[in-house]
Amino acid sequence: MKVAVLISGRGSNLQALIDAQIKTGAEIVLVISSVEGAQGLERAAKAGIPTIVINHKDFDGRQPFDAAMTDAIEAGGADFVCLAGFMRILSDDFIAHWRNRLINIHPSLLPAYKGLNVQQRVLDAGEAQAGCTVHFVRPEMDTGPIIAQAKVPVMADDDAGSLAERILEQEHVIYPEALRLIAEGRVRIENERVLIDGAATDAPDNFA
Ligand code: GAR
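Criteria and cut-off values
- Residues numbered from 1 in each chain as written.
- Predicted model: local features only at pLDDT ≥ 70, side-chain atom pairs only at ≥ 80, totals over all residues.
- Heavy atoms only, no water.
- Salt bridge = Lys/Arg side-chain N within 4 Å of Asp/Glu carboxyl O.
- Helix = DSSP H or I, 4+ residues; strand = E, 2+ residues; numbered from the N terminus.
- Buried < 20%, exposed > 50% of the residue type's maximum accessible area, 1.4 Å probe, protein only.
- Pairing = 2+ DSSP bridges.
- Phe/Tyr/Trp six-rings, centres within 6.5 Å; stacked < 30°, edge-to-face > 60°.
- Axes fitted to C-alpha atoms, helices over the stretch in contact; angles between N-to-C directions.
- Contact = heavy atoms within 4.5 Å.
- Near = heavy atom within 4 Å.
- Polar contact = N/O pair within 3.5 Å; in protein donor to acceptor, adjacent residues only side chain to side chain.
- Areas by Shrake-Rupley, 256 points an atom, 1.4 Å probe, with all protein chains shown as cover.
- Parallel < 35°, antiparallel > 145°, perpendicular 65-115°, else oblique.
- Left-handed = near helix turned anticlockwise from the far one by under 90°.
- Nonpolar A, V, L, I, M, F, W, Y, C, P; charged D, E, K, R; others polar.

Caption draft 1: Spotlight on the pattern of salt bridges. The full count for this structure, using the stated rule, is nine salt bridges. Between Glu177 and Arg180 there is a salt bridge, and its shortest N-O distance comes to 2.8 Å. Note that Glu177 and Arg180 are positioned in helix H7 (residues 160-183) at a spacing of three residues, about one turn of the helix. Glu184 is paired through a salt bridge with Arg180; the nearest N and O atoms lie 3.3 Å apart. The class of Glu184 is partly exposed, set by a relative accessible area of 39%.

Caption draft 2: Seen up close, the sheet that holds strand E9 (residues 193-196). With antiparallel pairing, the three strands of this open sheet are ordered in space as E8-E9-E10. Lying at the two open borders of the sheet, with one neighbouring strand each, are strand E8 (187-190) and strand E10 (199-200). Alignment of E9 against E10, held across two bridges, turns out to be antiparallel. Bridge assignment links Ile196 to a residue of E10, and that residue is Ala199.

Caption draft 3: Representation of the packing of aromatic side chains in the model. One pass over the structure, following the stated rule, counts two aromatic pairs. Where Phe59 meets Phe65, the ring centres are 5.9 Å apart and the plane angle is 65°; that geometry is what we call edge-to-face. Judged by relative accessible area, Phe59 falls into the partly exposed class, the value being 29%. Arranged with centres 6.4 Å apart and planes meeting at 45°, the rings of Phe94 and Trp98 form a pair that is tilted. Just as Phe94 is buried, Trp98 falls in that class too.

Caption draft 4: Spotlight on the sheet that holds strand E7 (residues 146-153). Spatially, E3-E2-E1-E4-E5-E6-E7 is the arrangement adopted by the seven strands of the open sheet, whose pairing is mixed. Since the sheet does not close on itself, it has two edges, and those belong to strand E3 (51-53) and E7, each with one partner. Between one strand and the next, the sheet's axes are offset by a mean angle of 20°, whatever the strand orientation. In the sheet, strand E4 (residues 80-83) pairs with strand E5 (residues 102-106) via three bridges, with the strands oriented parallel. Counterpart to Val81 in the pairing with E5 is Leu102. Sitting on the sheet, H7 is in contact with E4, E5, strand E6 (129-136) and E7, with an inclination near 155° to E7.

Caption draft 5: Summary view of the site of the ligand. Neighbouring residues of the ligand: Arg10, Gly11, Ser12, Asn13, Gly85, Met87, Ile105, His106, Pro107, Leu168 and Glu171. At a separation of 2.6 Å, an oxygen atom of the ligand approaches a polar side-chain atom of Arg10. Within the backbone of Asn13, one N or O atom sits 2.9 Å away from an oxygen atom of the ligand. Contact with the protein chains removes 88% of the 450 Å² of surface that the ligand exposes when unbound. Elements that contribute at least two residues to the shell around the ligand include exactly helix H1 (12-19), E5 and H7.

Caption draft 6: How the structure looks around the packing of H1 against H7. In the contact formed by H1 and H7, the axes pass within 9 Å of each other and the chain directions differ by 45°. In terms of their interaxial angle, H1 and H7 are classed as oblique. As H1 runs across H7, the sense of the crossing is right-handed. Residue-level inspection shows Ser12, Asn13, Ala16 and Leu17 of H1 in contact with H7, the latter providing Leu168, Glu171, His172, Tyr175, Pro176 and Leu179. Of the residues that constitute the contact of H1 with H7, the class distribution is six nonpolar, three polar and one charged.

Caption draft 7: Up close: the side chain of Ser12. Among the structural elements, Ser12 can be located in helix H1. Classification of Ser12 by relative accessible area gives buried; the value is 11%. A polar contact is formed between the side chain of Ser12 and the side chain of His172, at a distance of 2.8 Å. In this structure, Ser12 is in contact with Arg43, Leu168 and His172, ignoring residues within four places of it in sequence.

See below:
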C-alpha cells in the first residue's frame, strides 16, 4: 500500500508511521504539509520521503485547495491517505474521492470530544479517562467508522499538556496498528461499522 500523509505541524504521528513502515507494510511515498516550515517536513526529508507544502492561502477556496492535494497525492503514486495532525477542514468532494481510503487520528475517545482543545475540555468536564481514536473520514468533522481506540487515565495533577502527552503515546501505538490492519486487508466496513477479520471492533485496543 502506498500512502500519503497530510500534516500541519510537529509530525510525531507521521514519525510513528515512518518508523513502522516495515511492520505496517504501508510505504509512505509523500508528505503534504498545509503549513510551511512544519516540523514534520524535516522528519519526512530525513527519511528520504518527498514533501510538498500546499498552503490554502495560495488557493481561491477550499475546493481548488483540495483538488491540488488530490492531484499531488495521485502524482506521488499514493492510493491511501492518512491525516496526521492535519488542521484544515476538507471539502466533501475530497472526502468522497478518497472514501474508505482516508483515515484520521483524533485525541479523544470519539464520538466524545470532537473538535479542538480536546484535552482541556476533558479536564474541565472532570472525566476519569481520555484516549484516542483512528477512524475513516466522513464529511461531518471527526466522524466515521472507528478502526481503533486506546484509553488512558486522567490523573489528578494533569494539565492539558501532560494529558496530551499521555494520549499521544497511545496515538503512536494505535495509528501504525490500524494502518497495518488495513494494509493487510483485514479491515472491512459494513453498515458504517468497521469489521476486523470479520468481527466488530467494539472493544478498544482490539488488535490481533
Ligand atoms: C495529535 O494529537 C493528533 O491526534 C491531533 O493533533 C496532534 C498532532 O500531533 N489531531 C487533531 O486534533 C485532529 N483533529 P503530531 O503533529 O505530533 O502528530
